[in-house]
Amino acid sequence: MHHTRPQRAVPAVYPQCTRPGPSARCPLLPTMHQTRPQRAVPAVYPQCTRPGPSARLPTMHQTRPQRAVTHNPRGSRACPRRSRPCRTVRGGGATGEGRGFAERPCRKSGPLAVARGSRCRVRGPGRAMALYSAAASVLAGLQRRDGALKTLVYKSRFQNMKQLYALVSETLRYSPVLDSIMDGAALLKAEKKLPPHLAKVLVYDLLFGKGLKCGGRWKVLVLKHRARLQAELARLKVRRKVSCNEDLLAATEGVIQAPQVPRYVRVNTLKTCKDDVVDYFKRQGYSYLGRAARMEELGSLSGKQFLLDPHLPELLVFPPQTDFHENRLYVAGHIILQDKASCLPAFLLSPPSGSHVIDACAAPGNKTSHMAAILKNKGQIFAFDLDPNRLATMSTMLVRAGASCCDLASQDFLTVDPSDPKYSHVTYILLDPSCSGSGMVNRLPAEESAPSSERLQALARFQRKALSHALRFPALQRLAYSTCSVQQEENEDVVWDVLQEHGTAFRLVNVLPAWPQRGLATFPGAECCLRACPAATLTNGFFVAMLERQQECNSQDSSSSLPAEAEVDSGAERSQDGEGRGPRAACKKRRKKSRCVK
């Protein structure tokens, strides 16, 4: 022990032994140094500062159990991943040697931060301040027309993209109300150093959010005017004769209104199951009401009630505005916060386990993770996206979700060669191309929900190219085309143009016949497409069309691209078996007859 631990003072245990060298032996206790049992290692080793490999503690450092990182009054930290403690680095420097975690003051934001290697994750009040600053930057970019909301959020490189997107969206929803309150309270006139966009975000969280969570001078400046801001909010309610904050939006001109959309939570079956998640929420005080029998039940939830969706078996439904961003299940990837309409493409495509699938425009990755769960991580998903920032965020999301069957590529899907042997076994494709986003009327600002005709035409051209290109993969059997748009130019018109271009090779599939809202009747068979909107389906606006390759015998017997159901109803006279079951049934009968002859 003396030889292997020169740093530890022996007199603390054996007062008789004062010789620090390796040759020292205690004459009074000749065997205790060798036979005494190993003591429990304390959480901190202030004496252990081994800078190099020369000094070792082979037994105690290797056998002690891993501990969770906890605060230490001495300034050192026990590292859960290393055999030696991480030193606290003050002044915002790097953590130094090793790859373990170390807490330190952050030079930029001031609060406690967690560093691992070169990455810094802000915690505590500073994380909220970073969120507010990022939201203010996005609002400024929107005012300068630097890009769309989603684009600016991804360019911000903020760690929690969904949290940032939600804060900016809600601030935009209340923007006219916030302007009126801030003008009435003369906030910007009193605090001329407070940036206007940051002030708007801070006032939103103070009055309509969960309260200010940040520290620093900006919080102090806003809190100085809290009473005046709250009084101005009360006067505004009196003038407009409303009692709650949501009613202020209904009385505001220029804000697109929609029924409150429930909070949908998809259970990630790669990590857990529905029953375990339901039990967890029950223990958290939520009341489980079982599976909904009608869609109307989803709109009547309140408090801590939740239901199982009537259409999707792994989707739970909570009241609107329920926040799970800090929930343990969400942080661990056991649940995915995803709108019901966004779950439809992967659910309807339903590739069997072991299939090869392409996700053509994959980011941010919710649909990709959904397909990985349907595949049970067996098979291959080729995911493409042109934006490397969005793809990096998607990669992080997929790791958290436990999706291990995905091959990500920062590549334009239009440049992918369908004849490449790598994709020779691709039988399913999910295509969710860039769109106007006009269906998300309860989140996006008013100026983004009414795209210009020029932008619609440009988007429709790209969507037609992408859909036509996807249908050229030789082994393709089924394709799901979806957008979060409600514009006919991006939905039914694109599908009809591409179907005409490819002749009888593909046809529409009539999916979810009980779904209440169908496609616009702009061409024969358009009713096979699905549409969604807040009023009819209690979701964001959405469009889904399912295209399926026709069998060879169908191509010979039929010259129509109508869906199977529509063609059977209108063309029973073409049936060759005389029973009016359509060409598909006739084809099956001929195959059966040929097998019998053989």
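Residues numbered from 1 in each chain as written. Predicted model: local features only at pLDDT ≥ 70, side-chain atom pairs only at ≥ 80, totals over all residues. Heavy atoms only, no water.

Description of the side chain of D205
Condition: Secondary structure elements follow DSSP: runs of H or I of four or more residues count as helices, runs of E of two or more count as strands, with numbering from the N terminus. Categorising residues by exposure relies on relative accessible area from a 1.4 Å probe, with only protein chains included: less than 20% of the type maximum marks a residue as buried, more than 50% marks it as exposed, and the intermediate range marks it as partly exposed. Only heavy atoms enter the contact rule, under which two residues are in contact if any of them lie within 4.5 Å.
Among the secondary structure elements, D205 is positioned in helix α8 (residues 196-207). On the basis of relative accessibility, which here comes to 9%, the residue D205 falls in the buried class. Once residues lying within four places of it in the same chain are set aside, the contact partners of D205 are Y132, K210, G211 and L212.

Things to note about the UniProt feature "active site" (unreviewed entry) in the protein
Here is the rule: UniProt positions are given in the numbering used here, feature names are shortened, and annotations may be inferred rather than shown by experiment.
Sites flagged by UniProt as "active site" (unreviewed entry) map to C484. Topologically, C484 is positioned in the loop between β15 (478-483) and α18 (492-501). Once residues within four sequence positions are removed from consideration, C484 is found in contact with C435, G437, S438, G439, M440, G541 and F542.

Some thoughts on the nonpolar core
To keep things clear, this is the line we draw: Put simply, buried Ala, Val, Leu, Ile, Met, Phe, Trp, Tyr and Cys residues joined by side-chain atoms within 4.5 Å make one nonpolar core.
Ranked by size, the top nonpolar core spans 95 residues in total, and within it L164, V168 and F208 carry the most contacts. The element that contributes the greatest number of residues to this core is helix α3 (residues 125-143), accounting for nine residues. With residues near it in sequence (within four places) discarded, L164 still touches L131, A134, A135, V138, V153, S156 and F158. Membership of the second largest hydrophobic core comes to 34 residues, among which are F473, L479, L499 and F543.

Some thoughts on helix α14 (residues 340-349)
For clarity, the threshold we go by: Polar contact is defined as a pair of N or O atoms within 3.5 Å, subject to the rule that within protein one atom must be able to donate a hydrogen and the other to accept it, and that residues adjacent in sequence are counted only when both atoms are side-chain atoms.
Burial of α14 is extensive: nine of the ten residues sit out of reach of the surface. Buried within α14 are the following residues: K340, A341, S342, C343, L344, P345, A346, L348 and L349. The N-capping residue of α14, defined by a side-chain oxygen 3.2 Å from the backbone nitrogen of A341, is D339. Looking at the residues trailing α14, positive phi occurs at S350, about 45 degrees.

Some points on a negative patch on the surface
Applied cut-off: A residue counts toward a patch only above 30% relative accessible area and without a salt bridge, and it is joined to like-charged neighbours within 9 Å or, for Val, Leu, Ile, Met, Phe, Trp and Tyr, to nonpolar neighbours within 5 Å. Accessible surface area values rest on a Shrake-Rupley calculation with a 1.4 Å probe, where residue burial reflects the displayed protein chains alone. Here, a salt bridge means any Lys or Arg side-chain nitrogen found within 4 Å of an Asp or Glu carboxyl oxygen. Here Asp and Glu are counted as negative and Lys and Arg as positive; His is not counted, and neither are the chain ends. Charge positions are represented by NZ for Lys, CZ for Arg, CG for Asp and CD for Glu.
A contiguous patch of negative charge on the surface is contributed by D275, D276, D279 and E314. Looking at where E314 falls in the secondary structure, it is placed in the loop between β8 (305-308) and β9 (315-318).

Quick notes on unusual backbone geometry
The step from A363 to P364 runs through a cis peptide bond, and the omega angle for that step is 10 degrees. Look at K241: it is not a glycine, yet its phi comes out positive at around 60 degrees. Here K241 lies in the loop between α10 (226-240) and α11 (245-250). Overall, K241 belongs to the exposed group, its relative accessible area being 77%. For L512, which is not glycine, the phi dihedral falls at a positive 45 degrees. Take L512: it is sitting in the loop between β16 (506-508) and β17 (530-532).

Examining the packing of aromatic side chains
Centre-to-centre distance and the angle between the planes together describe a pair of aromatic rings. The criterion, for reference: Working definition: rings of Phe, Tyr and Trp (its six-membered ring) pair if their centres are within 6.5 Å, and the pair is stacked with planes under 30 degrees apart, edge-to-face with planes over 60 apart, and tilted otherwise.
In this structure the tally under the stated criterion is 21 aromatic pairs. Considering the side-chain rings of F306 and F318, the 4.9 Å spacing of their centres and the 5 degrees angle between planes classify their relative orientation as stacked. With a gap of twelve residues between them, F306 in strand β8 and F318 in strand β9 connect regions that are remote in the sequence. Accessibility assignment for this pair places F306 and F318 in one class, buried. With a centroid separation of 5.1 Å and an interplanar angle of 85 degrees, the aromatic rings of F382 and Y423 are classed as edge-to-face. Taken together, the residues span a long stretch of sequence, with F382 in strand β12 (residues 380-384) and Y423 in the loop between β13 (406-409) and β14 (426-431) at a distance of 41 residues. The pair F382 / Y423 is uniform in exposure class, with both members buried.

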